[in-house]
Amino acid sequence: GGWLSSLGIEDFAGGTVVHVNAGSAGLALAIVLGKRRGWGKDPVRPHNLPLVLLGAGLLWFGWFGFNAGSELGVDGTTALAFMNTQIATAAAAGGWILVERYRNGKPTTLGVASGAVAGLVAITPACAFIQPWAAILLGLAAGAICCYAIGIKHRLGFDDSLDVVGVHLVGGAFGAVSLGFLAAYPLLAGQRKGLFYGGGVAQLGVQVLGPVAVGLYSFTVAWILGKIIDKTMGFRVSAEDEVTGVDVTQHAETAYEFGSIHLGHTPGHAVTDADQEVADRESEPVTRTH
């Protein structure tokens, strides 16, 4: 019943109001917050790839409820949304690692996880409105486009630690705009269609307007709120706390207690001063930038 709805925008499960919204707000707050110390100079590698893949798998599974559940019932539309979510996500994971293989020479497991999330984001607005063959194309394109899009932060100089802009903002906008071309409504009679199925240019215009309007609104409001927080209570920890690590300074705990690891000496072998020095050094807080 909102303004964009009255214009006829199509968005089945919230790609515009969720992902474009979140990506734009994330961009605004990343700009207000500023860059991490050493960003762009020190390597920032994934902390634990097995946990990344586990999390991506849980997210993939939960997304079926997000997309198919948006029908608020169990019928043919629910099944189509479920199927297209699976198809597009798998295709996007493949599209991402194809770009990695072409660009870097090696596909990565992190790329599989990132591509899957990009596919989930892109198919969200379109999951019940396109045919399965179109979901394959949408997924492949979304994975490739988002893989290239994450480089935006390096060219523009903002620190987006989890690539919310490259994946959620770009992927969400791409999924919403794609409906202006691919919307076929194989199950929902009387709904608007995309250009490839006889729809008009006006519908494509509305699908473009939606992400632009939502993105500008969300960015502006988030930037203002972020500035208010930054100027009043502060928005980031001190440089010293950042170097030490917020796990220690904010929560008084760390992921790993290196001091509890045995030195591995054989029975009867005395612990030397050198052994103890290594143990003491390993038990010191580890500086992490991500």
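Residues numbered from 1 in each chain as written. Predicted model: local features only at pLDDT ≥ 70, side-chain atom pairs only at ≥ 80, totals over all residues. Heavy atoms only, no water.

## Quick notes on the overall build of the chain
Here is step 1: In terms of helices and strands, the chain carries twelve helices and zero strands.
Here is step 2: Written out in order from the N terminus, the α and β elements of the chain read α-α-α-α-α-α-α-α-α-α-α-α.
Here is step 3: Taken over 290 residues, the chain has a buried fraction of 37%.
Here is step 4: At a minimum sequence separation of 6, the contacts of the chain that also span at least 24 residues come to 74%.
Here is step 5: When the accessible area of the chain is evaluated, it comes to approximately 15,800 Å², of which 64% is carbon and sulfur surface. (Helix = DSSP H or I, 4+ residues; strand = E, 2+ residues; numbered from the N terminus. Buried < 20%, exposed > 50% of the residue type's maximum accessible area, 1.4 Å probe, protein only. Contact = heavy atoms within 4.5 Å. Areas by Shrake-Rupley, 256 points an atom, 1.4 Å probe, with all protein chains shown as cover.)

## Focus: the packing of helix α4 (residues 76–104) against helix α5 (residues 109–123)
Here is step 1: Contact geometry of α4 with α5 gives a least axis separation of 7 Å together with a crossing angle of 135°. Comparing the axis directions of α4 and α5 gives the class oblique. For the pair α4 and α5, the crossing hand works out as right-handed. Contacts between α4 and α5 pair Asn84, Thr85, Ala88, Thr89, Ala92, Ala93, Trp96, Ile97 and Glu100 from the former with Gly111, Val112, Ser114, Gly115, Ala116, Ala118, Gly119, Leu120 and Ile123 from the latter. (Axes fitted to C-alpha atoms, helices over the stretch in contact; angles between N-to-C directions. Parallel < 35°, antiparallel > 145°, perpendicular 65-115°, else oblique. Left-handed = near helix turned anticlockwise from the far one by under 90°.)

## Re the confidence of the model for the chain
Here is step 1: Of all residues in the chain, 89% have pLDDT values of 70 or greater, and the mean over the chain is 88.
Here is step 2: Within the chain, no element has a lower average pLDDT than helix α12 (residues 273–283), which sits at 51, and none a higher one than helix α6 (residues 132–149), at 97.
Here is step 3: Predicted confidence is poor over residues 285–290, with pLDDT under 50, and the contacts of this stretch with residues over four places away or in other chains come to 14 contacts. (pLDDT = per-residue confidence, 0-100.)

## Brief notes about the environment of alanine 184
Here is step 1: Turning to its location among the elements, alanine 184 is positioned in the loop between α8 (164–182) and α9 (201–232).
Here is step 2: Looking at alanine 184, the relative accessible area reads 8%, which means it is buried.
Here is step 3: Counting along the chain gives ten residues from alanine 184 to glycine 194, while the straight-line C-alpha distance between them is 6.6 Å.
Here is step 4: If sequence neighbours within four positions are ignored, alanine 184 has contacts with Phe129, Gln131, Lys193 and Tyr197.

## So, the packing of helix α2 (residues 15–33) against α9
The relative placement of two packed helices is expressed as an angle between their axes plus a distance between the axes.
Here is step 1: The geometry of α2 relative to α9 is characterised by a closest axis approach of 7 Å and an angle of 35° between their N-to-C directions. Regarding α2 and α9, the two cross each other, and that crossing is right-handed. In contact with Thr16, Val20, Asn21, Ser24, Ala25, Leu27, Ala28, Leu29, Ile31 and Val32 of α2, α9 contributes Gly210, Pro211, Val214, Gly215, Ser218, Phe219, Ala222, Trp223, Gly226, Lys227 and Asp230.
Here is step 2: Tallied by class, the residues present in the contact of α2 with α9 amount to twelve nonpolar, seven polar and two charged. (Nonpolar A, V, L, I, M, F, W, Y, C, P; charged D, E, K, R; others polar.)

## Looking at the nonpolar core
Here is step 1: With 20 residues, the main nonpolar core has Phe12, Ile123, Ile130 and Leu138 as its most contacted residues.
Here is step 2: Secondary-structure elements contributing two or more residues to this core are α4, α5, α6 and α8.
Here is step 3: Examining the composition of this core, we find that four residues originate from one element, α6, more than from any other.
Here is step 4: In this structure, Trp96, Val121, Cys146 and Cys147 belong to the second largest nonpolar core, which totals twelve residues. (Core = buried A, V, L, I, M, F, W, Y, C linked by side-chain atoms within 4.5 Å.)

## What to know about α5
Here is step 1: The terminal C-alpha atoms of α5 lie 21 Å apart, and with 15 residues this matches the ideal 21 Å at 1.5 Å per residue to within 8%.
Here is step 2: For α5, the buried fraction is high: eleven of the 15 residues fall into the buried class.
Here is step 3: In this structure, the buried residues of α5 make contact with α2, α3 (49–68), α4, α6 and α8. (Expected span 1.5 Å × (residues − 1).)

## Details of a nonpolar patch on the surface
Here is step 1: A cluster of nonpolar side chains, contributed by Ile31, Tyr217, Val221, Trp223, Ile224, Leu225 and Ile228, occupies part of the molecular surface with about 670 Å² of accessible area.
Here is step 2: Structurally, valine 221 is set in helix α9. (Patch = residues over 30% accessible without salt bridge, like charges linked within 9 Å, V, L, I, M, F, W, Y side chains within 5 Å. Salt bridge = Lys/Arg side-chain N within 4 Å of Asp/Glu carboxyl O.)

## Some thoughts on the pattern of salt bridges
Here is step 1: Considering all chains together, one arrives at four salt bridges under this definition.
Here is step 2: Across the pair lysine 153 and aspartate 163 runs a salt bridge whose closest N-O atoms are separated by 2.8 Å. Of this pair, lysine 153 sits in helix α7 (residues 152–156) while aspartate 163 is found in the loop between α7 and α8, placing the two residues ten residues apart along the sequence.

## Considering unusual backbone geometry
Here is step 1: Although it is not a glycine, aspartate 163 adopts a positive phi angle of roughly 55°.
Here is step 2: For alanine 252, which is not a glycine, the phi torsion comes out positive at approximately 60°.
Here is step 3: Its location among the elements puts alanine 252 in the loop between α11 (246–251) and α12.

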